[in-house]
Amino acid sequence: MAEAPKALTASAEQTTSRPKNRKLDQWIAFWTVPFFFNVFGLVFVPLSWMMPPRSPSSPTRHIVDFMHSHNLLVACVILTLAYGLAPVSNACYLMQVKRMSVSPAFRYSMMIGAITGAIVGMLFPMFCFGLGAFRAGYSPSVLTMLYDFGYLAFIGSLGCFCVMWMAFGLAIILDENKILPKWLGYYTIWQYVTELMAAPVWIAKSGPFAWNGLMTFWFAMTLYVSWQFIVYLCIYGAIKSQPEAELDNAPLEPHPAALETTSRTTA
Amino acid sequence: MTDVAEGSATGVDQSQRAAGARGHVPGESSMWFFVIGDFLIFGVYFVGYMYFRGQNHELFLSSQARLNLDIGAINTVVLLTSSLFVALGTAAARAGNTADALRRFWTALAFGAAFPLLKMFEWIPEISAGLTPGTNLFFMYYYVMTGIHLCHVLLGLVIMCFVIRNLKAPGTPKISFVETGATYWHMVDVLWLVLFALLYLMR
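Criteria and thresholds
Residues numbered from 1 in each chain as written. Chains lettered and ligands numbered in written order. Predicted model: local features only at pLDDT ≥ 70, side-chain atom pairs only at ≥ 80, totals over all residues. Helix = DSSP H or I, 4+ residues; strand = E, 2+ residues; numbered from the N terminus. Buried ≥ 20, exposed ≤ 12 C-beta atoms within 10 Å, placed from the backbone. Contact = placed C-beta atoms within 7 Å. Core = buried A, V, L, I, M, F, W, Y, C linked by C-beta atoms within 7 Å. Nonpolar A, V, L, I, M, F, W, Y, C, P; charged D, E, K, R; others polar. Axes fitted to C-alpha atoms, helices over the stretch in contact; angles between N-to-C directions. Parallel < 35°, antiparallel > 145°, perpendicular 65-115°, else oblique. Left-handed = near helix turned anticlockwise from the far one by under 90°. pLDDT = per-residue confidence, 0-100.

**A short note on the overall build of chain A**
Part 1 of the reasoning: On a plain count of helices and strands, chain A comes out with 11 helices and zero strands.
Part 2 of the reasoning: N-terminal to C-terminal, the α/β element order of chain A is α-α-α-α-α-α-α-α-α-α-α.
Part 3 of the reasoning: Within chain A, the fraction of its 267 residues that count as buried is 34%.
Part 4 of the reasoning: At a minimum sequence separation of 6, the contacts of chain A that also span at least 24 residues come to 74%.

Below is the structure:
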């Protein structure tokens, strides 16, 4: 974390008790993002092989074996614990959205979309996949239902994320403070369109539009992962270039204009 | 397409137009980023469609025969006409003729708005005849691709309303914004041409 503030303001020098890096909160939130996604990736792929998704038309025997695997239970427990980091990583984005010259409706939509999306798209699947190994006696038909429920909740939870990324994309495009580059707003539009592209998982049980299909999973995932990287880099730039005086935890200055700005931004 | 239409637009101050057109990308560069990326995304869909079409040629051909070619063709004409008026409107706006530009953009908007309506006349009888995305892979591609395109059209109509608002505002309108909207609308048009050829016409 070499992002020590380059230009300390006069007020910062006066309050010597304060830590020098006043963006520390943002940097902590920022670095939880790669941590969270790495845990995510490790648990999903090599630990449990939950991802890439298994086929919706797998034979029942394979589904039962998969649902009984102990690694799957361990994976679900780890993810349910790490799940708490998702709000922190969203906080990192929201702090930058707050600086934009757009209606607060955008960031509230993002916030609620992230909350509802994470519950349906993350917590529900964890409970579904964890249950099979938790108790051995479930019948194959129950396990198949949990398997469907888990994957559909994970891949087919469309609306919340769609609105969330739409709000993010529109906020970037409409923003006049140029907090994030405008092309990122357009890129985000594709990201929310991928959520729409995934709608056929509710219909198709095999082929390119099933939940493990070329179009609905692999293509959407390629767009998503590259987008996530790029957003992350842009957020890094935005935190770095944020002026010290504009920080929410900047001390109030006796200057009337500064007071007005602070009260407006904290509203 | 704007350039082609401009050539036919009369009453445009040649010197002014030449000055505006020389060495400049019309509209905002971020919109061009969007256009190129969108073509790439649709391109992946087109390639995927062609691949699976090659695998089930008979199924795709027999399913294709059940589409409503008439409405598809009318929609193509509607969208092309709309694009022509957008091009003419942009040319008028560049020449400083805001009243003409407004009239042309209103016409373009009216033609554009007919597209989703006609689409409903196409989709609803098909769905009630039992041709849904679950019928087979062809219809899945058909509904997904035309559906995503329809979302683009609806977004384009919203953008066009903003362009009209920009032209109506007092003072000189922001030409770059008009050009950005026109660029987007032409992209929607080009995408439809490819979709129409792939889904309705290709044998």
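**Description of the overall build of chain B**
Part 1 of the reasoning: A tally of regular secondary structure across chain B gives eight helices and zero strands.
Part 2 of the reasoning: When its helices and strands are written in sequence order, chain B yields α-α-α-α-α-α-α-α.
Part 3 of the reasoning: Per-residue burial over chain B gives 34% buried out of 203 residues.
Part 4 of the reasoning: At a minimum sequence separation of 6, the contacts of chain B that also span at least 24 residues come to 80%.

**So, the nonpolar core**
Part 1 of the reasoning: Counting residues in hydrophobic clusters, the biggest one holds 108 residues, and the most contacted among them are Met-164, Phe-168 and Ala-171 of chain A together with Phe-105, Met-140 and Tyr-141 of chain B.
Part 2 of the reasoning: Per element, the largest residue contribution to this core is 14 residues, and it comes from helix 7 (residues 137–168) of chain B.

**Here we look at the interface of chain A and chain B**
Part 1 of the reasoning: Every contact between the two is made by 16 residues of chain A and, on the other side, 15 residues of chain B.
Part 2 of the reasoning: A per-element tally of the side of chain A that touches chain B places helix 9 (residues 182–197) of chain A first, with seven residues.
Part 3 of the reasoning: The residue makeup of the side of chain A that touches chain B, split by class, is 14 nonpolar, one polar and one charged.

**Observations regarding the packing of helix 7 of chain B against helix 8 (residues 175–201) of chain B**
Residue and element names in this part refer to chain B.
Part 1 of the reasoning: Interaxial distance between helix 7 and helix 8 falls to 9 Å at its minimum, and their mutual angle equals 160 degrees. The pairing of helix 7 with helix 8 is recorded here as roughly antiparallel in orientation. The handedness of the crossing between helix 7 and helix 8 comes out as left-handed. Side by side, helix 7 and helix 8 meet where Tyr-142, Met-145, Thr-146, His-149, His-152, Val-153, Gly-156, Ile-159, Met-160, Phe-162, Val-163 and Asn-166 of the first sit next to Phe-177, Val-178, Gly-181, Tyr-184, Trp-185, Val-188, Leu-191, Trp-192, Leu-195 and Leu-199 of the second.
Part 2 of the reasoning: Looking at the contact of helix 7 with helix 8 residue by residue, the classes come out as 16 nonpolar, six polar and no charged.

**Regarding the confidence of the model for chain B**
All names here are of chain B.
Part 1 of the reasoning: The predicted model of chain B averages 87 in pLDDT, with 89% of residues at 70 or higher.
Part 2 of the reasoning: pLDDT under 50 marks residues 1–20. Its contacts with residues more than four places away, or in other chains, come to 26 contacts.
Part 3 of the reasoning: Model confidence for the complex is summarised by a pTM of 0.80, with the ipTM given as 0.77.

**Points about the packing of helix 2 (residues 24–47) of chain A against helix 4 (residues 70–82) of chain A**
Residue and element names in this part refer to chain A.
Part 1 of the reasoning: With their axes 10 Å apart at the nearest point, helix 2 and helix 4 run at an angle of 170 degrees to one another. Judged by the inter-axis angle, helix 2 sits roughly antiparallel to helix 4. Mapping the contact onto sequence places Phe-36, Val-39, Val-43 and Leu-47 in helix 2 and Asn-71, Val-74, Ala-75, Ile-78, Leu-79 and Ala-82 in helix 4.
Part 2 of the reasoning: Classifying every residue of the contact of helix 2 with helix 4 gives nine nonpolar, one polar and no charged.

**Digging into the environment of His-149 of chain B**
Residues and elements named next belong to chain B.
Part 1 of the reasoning: Within the fold, His-149 resides in helix 7.
Part 2 of the reasoning: Spatially, the C-alpha atoms of His-149 and Leu-195 are 8.8 Å apart, while their sequence positions differ by 46 residues.
Part 3 of the reasoning: Those residues in contact with His-149, other than ones at most four positions away along the chain, are Leu-191, Trp-192 and Leu-195.

**Section: unusual backbone geometry**
Residues and elements named next belong to chain A.
Part 1 of the reasoning: Cis peptide bonds are those with omega within 30 degrees of zero, and the linkage from Met-51 to Pro-52 qualifies with -5 degrees.
Part 2 of the reasoning: Position of Pro-52 relative to the elements: it lies in the loop between helix 2 and helix 3 (60–68).
Part 3 of the reasoning: With phi around 55 degrees, Lys-178 is a residue other than glycine that occupies positive phi space.
Part 4 of the reasoning: Here Lys-178 lies in the loop between helix 8 (159–174) and helix 9.

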